[in-house]
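Report on the structure
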Amino acid sequence: MPAKQIHMFKKVSTVFIFGFYTVFCSAQQVRPSKSSEIYREIKTLKHLPKVLYLAAHPDDENTGLLSWLINDQNVETGYLSLTRGDGGQNLLGTEQGAALGLIRTHELLEARKLDGAQQFFTRAIDFGFSKNTTDTFKQWNADNITADVVWVIRQFRPDVIICRFPPTAAAGHGQHAASAVVAEKAFKLAGDKTAFPDQLKYVNVWQPKRILWNTFRFGTNNTTAENQLKVTVGQYDAQLGMGYGELAGLSRSLHKSQGAGTQSVAGIKTEYFSHVAGEPAKSSLFDGLSKTWTSQGNSDIDQSLDKIISTFNFNNPDLSLSALLSLRKKVLELKDADLKRDKLKSLDHIILSCAGFMGEVVTNQAEAVAGDHYNFRLNVISRAENPVVLENVKWLNQSENFNRKLSKDSLITIQHDIQIPANAALTEPYWLAKPAVNAATFSVPNDTLIGLPEVESPLNVLVDLKIDSEKFQVKLPLSFKKLDPVRGDVVEALRIVPALELKFTQPLYLVKENEDLPVSLNVKVNSNKQFNNGKINLIYNGQNLGGVDVKSLNGKDTTIDYLIPKAKLASIKSNQLQLDANFVSDGITYNKKQVLIQYPHLPSLQYFAPATVAVMKGDIQSKVKKVGYVQGAGDFIPEFLRIAGIQVDVLKDEDFYGNSNESGNGSQNKLSQYDAIIFGVRANNTEKKLGRWMPFLWSYVKAGGNLVMQYNTNQDTTVDQLGVYNFTIANKRVTEENAEVKFLNPNHKLLNFPNKITTNDFKGWVQERGAYFPVQWDSAYEPLFEMHDTGEEPLQGSTLYAKYGKGNFIYTPLAFFRQLAAGNVGAARLFLNFLSAQKN
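What comes next concerns the included structure. As the structure is a prediction and not an experimental result, all values here were calculated from the model.

Some remarks on the overall build of the chain
In terms of helices and strands, the chain carries 19 helices and 43 strands. Along the longest, intermediate and shortest principal axes, the C-alpha atoms of the chain span 85 × 75 × 65 Å. With 91 positive and 85 negative side-chain charges, the chain shows a separation of 2 Å between the mean positions of the two kinds.

Points about the pattern of salt bridges
Counted by the stated rule, this structure contains 33 salt bridges. For Asp789, the salt bridge is made with Lys131, and the minimal N-O distance between the two is 2.8 Å. In this pair, Asp789 is assigned in the loop between β41 (785-787) and β42 (800-804) and Lys131 in the loop between β3 (118-121) and α5 (133-139), connecting sequence segments 658 residues apart. Judged by its relative accessible area of 1%, Asp789 is buried. Several salt bridges share partner residues, and in doing so they unite Arg328, Lys329, Asp348 and Glu470 into one network.

Some thoughts on the sheet that holds strand β1 (residues 50-55)
Strand order in the open sheet formed by seven strands is β3-β2-β1-β4-β5-β11-β8, and the pairing between neighbours is mixed. With one partner strand each, in any of the chains shown, β3 and β8 (229-233) form the two edges of the open sheet. Mean inter-strand twist for the sheet, computed between neighbouring axes without regard to direction, equals 30°. Strand direction decides the pairing type here: strand β5 (residues 210-215) and strand β11 (residues 269-278), joined by six bridges, are antiparallel. For Leu212, the partnering residue across the bridge sits in β11 and is His275. The strands touched by helix α6 (residues 142-156) within the sheet are β1, β2 (76-81), β3 and β4 (160-163), with β1 carrying the most contacts at an inclination of about 160°.

Side note on the side chain of Gln119
Residue position: Gln119 is located in strand β3. Looking at Gln119, the relative accessible area reads 0%, which means it is buried. Within the structure, Gln119 has its side chain in polar contact with the backbone oxygen of Tyr79 (distance 3.0 Å). One polar contact links Gln119 to Arg112, side chain to side chain, over a distance of 3.0 Å.

Re unusual backbone geometry
For residues other than glycine, phi is negative in most cases, and the peptide bonds are mostly trans. The residue after Phe753, namely Pro754, is reached through a cis peptide bond having omega -5°. By the secondary structure assignment, Pro754 is in the loop between β38 (741-743) and β39 (774-777). In this structure, Asn541 takes a positive phi of about 50° despite not being glycine. Among the secondary structure elements, Asn541 is positioned in the loop between β25 (531-540) and β26 (543-553). A positive phi angle, near 50°, is found at Asp586, a position not held by glycine. Inspection of the secondary structure puts Asp586 in the loop between β28 (576-585) and β29 (588-590).

Some points on the packing of helix α3 (residues 63-71) against helix α8 (residues 244-252)
As a packed pair, α3 and α8 sit with axes 8 Å apart at the nearest point and diverge in direction by 120°. The pairing of α3 with α8 is recorded here as oblique in orientation. Crossing of α3 over α8 shows right-handed handedness. Each of Thr63, Gly64, Ser67, Trp68 and Asn71 in α3 lies in contact with α8, whose residues at this interface are Tyr244, Leu247, Ala248, Ser251 and Arg252. Here the residues of the contact of α3 with α8 sort into four nonpolar, five polar and one charged.

Rules and cut-offs
- Residues numbered from 1 in each chain as written.
- Predicted model: local features only at pLDDT ≥ 70, side-chain atom pairs only at ≥ 80, totals over all residues.
- Heavy atoms only, no water.
- Helix = DSSP H or I, 4+ residues; strand = E, 2+ residues; numbered from the N terminus.
- Lys, Arg positive; Asp, Glu negative; His and termini not counted.
- Charge placed at Lys NZ, Arg CZ, Asp CG, Glu CD.
- Salt bridge = Lys/Arg side-chain N within 4 Å of Asp/Glu carboxyl O.
- Buried < 20%, exposed > 50% of the residue type's maximum accessible area, 1.4 Å probe, protein only.
- Pairing = 2+ DSSP bridges.
- Axes fitted to C-alpha atoms, helices over the stretch in contact; angles between N-to-C directions.
- Contact = heavy atoms within 4.5 Å.
- Polar contact = N/O pair within 3.5 Å; in protein donor to acceptor, adjacent residues only side chain to side chain.
- Parallel < 35°, antiparallel > 145°, perpendicular 65-115°, else oblique.
- Left-handed = near helix turned anticlockwise from the far one by under 90°.
- Nonpolar A, V, L, I, M, F, W, Y, C, P; charged D, E, K, R; others polar.

Given below as structure tokens:
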């Protein structure tokens, strides 16, 4: 094994090792499964094979196949997504990067709750679209990602690995193809004790039986063949009340930030599989595998499970408790430690569900500070005829004996004051707790966390139960519970926050070269305890630019004004800088801002980032004062324009139909108030009223208006013709953010007014130049730029300009929504030129 493949593992508490299979560890209550789910879990307990499905991103998984494997074949199945989808677009809001990856992580977890699969990840960051594996592995360290996949294989111990994509161009995305490359490498290395030997302190080697590629038909791209292994899926399941294809549609539709709503399709279909490595499968995915306990020499377990399954009472699942408890004794005698740990965890969950046990530890506070005291309520209930005994409760730092029988269907509530440990860590995703290694790899504080979608809460009340003679310990995480007038009971993780948080009130500041006034920066301070004095400091590149003394902080959202002389900023040569803020009191420095993400389909998500702000400064000119905005997928541009001093009105129906006649002329005067009208990114994919609005917009341009349209895709479009003249969009893009840009007409007015645009304005761009470029267009359009990725043909569709009547139409799929959010001055200058076209 080459030295570069040696992967050093850092020690971590064994609670994470044994918690590896607790995939939905964010669950804040222990609740019983429904009878139909218990029945499926018992049948799954009888089957020994496991399947690991592997791809690159959230929504790459074949949810129809996952649903069939779990609910029809009753096979324990996991989905390993190499990334968390950080590099995509967001149809819900303005979150990008790490925040978007956090959203998509939890959308995957919500999807897994529906289809029943487990969820895993590697440390790889989705850095955006790549065109082949060569480009991908320039960003990703292939050996490190392979090591992560090996770790998941050794932990989960699948017998069959299924790839969504091939390692070729047919994958359609460099990261897709790379997922197949690392999957095959990991398949071959997972059983090799010389590969990544540090992992063997925690896990054993494991060799899956085979790895296959789940071939596909995506549009005109058909990789299936009749000589491939075929499996029929999609059957109707009476216990679900739907077919597996219908369940798959519901599961996939939970990827809401991607706009991945999917039809629930009834009826059977055929899935195809091509052999990759290992022992070929001839008639079944599970050929040659030990499928039952009997094949492992444990026929008594098989017999017990057969009887439990045949006698299971859906109305009274507690009638199976006695048999399940006897089965538990047999499982405890297994010699295979990994198999015993695995099956015992599943069996214990089944037993608690059959007993109808529910437990929660809740408070009325959503947030808590380390060291402070809070009142909590322990609620427990059992629905079994055979009494469950509450023996002991460990309240973080003290134990209390009860030895109390839980009467059937009688809720017990116990009040207790709990002090949050003084060293309690802030609540945030483990992969965001430290700065990333680089733009393509997360930093993980303990390597044994790799694979987990998230970690279990470290703050748990331990409840000891006894059912007959068998003892169980249940972890109940400290939680926040409230009654929402729309959603009803909402139970979420208790969020640990610092004693003080601070952030700038704007995500960036714009300092124009011709302005001599001091720059006013506003810092919002949220104190969660009393501070009698302290100082807020502003720092650039380690240099303290000065501080503001603060007296008495004890409340939410105290705003501190900070004035920086223009000369002080002018002395900093960079035109794109980052300022840091901190608060110092009694020798303790606070420098974190809370990022709180809340959407109705997800729990509240929190992480912390440095209290920083981007400052753009230089010759940034604009000649527009008021613009209209057609809302698209969430992006930052309206906020940027407001920061630049431009009034932004998000257009609504009444802006087009107010006092209008059928020809659209009646609203002309209303639209003519705008110096420009802008289409948000993917507006043609998200705004379903465009078909009615477009005639008004063409009239606006023809009468002398300026319409700037950002990128759209060909998926789920509202109108067929976007431009004043025809053009055709294709999946053409420039993914190299530093790709050379050629000016086709340097004297064009869009490149000279009010800002003189040069190649310097294309420096420092992030992630990409742009995507979904037009490939054909009417001769009335003039392309402004030519650019291309290394080794590819030049593309001229990044910006098209056309004169229409007295006005201007600009179509630009350049990634302004990324560049302006990153504080890129050159991108800002170019975008403001586009908006100012009618002023020239």
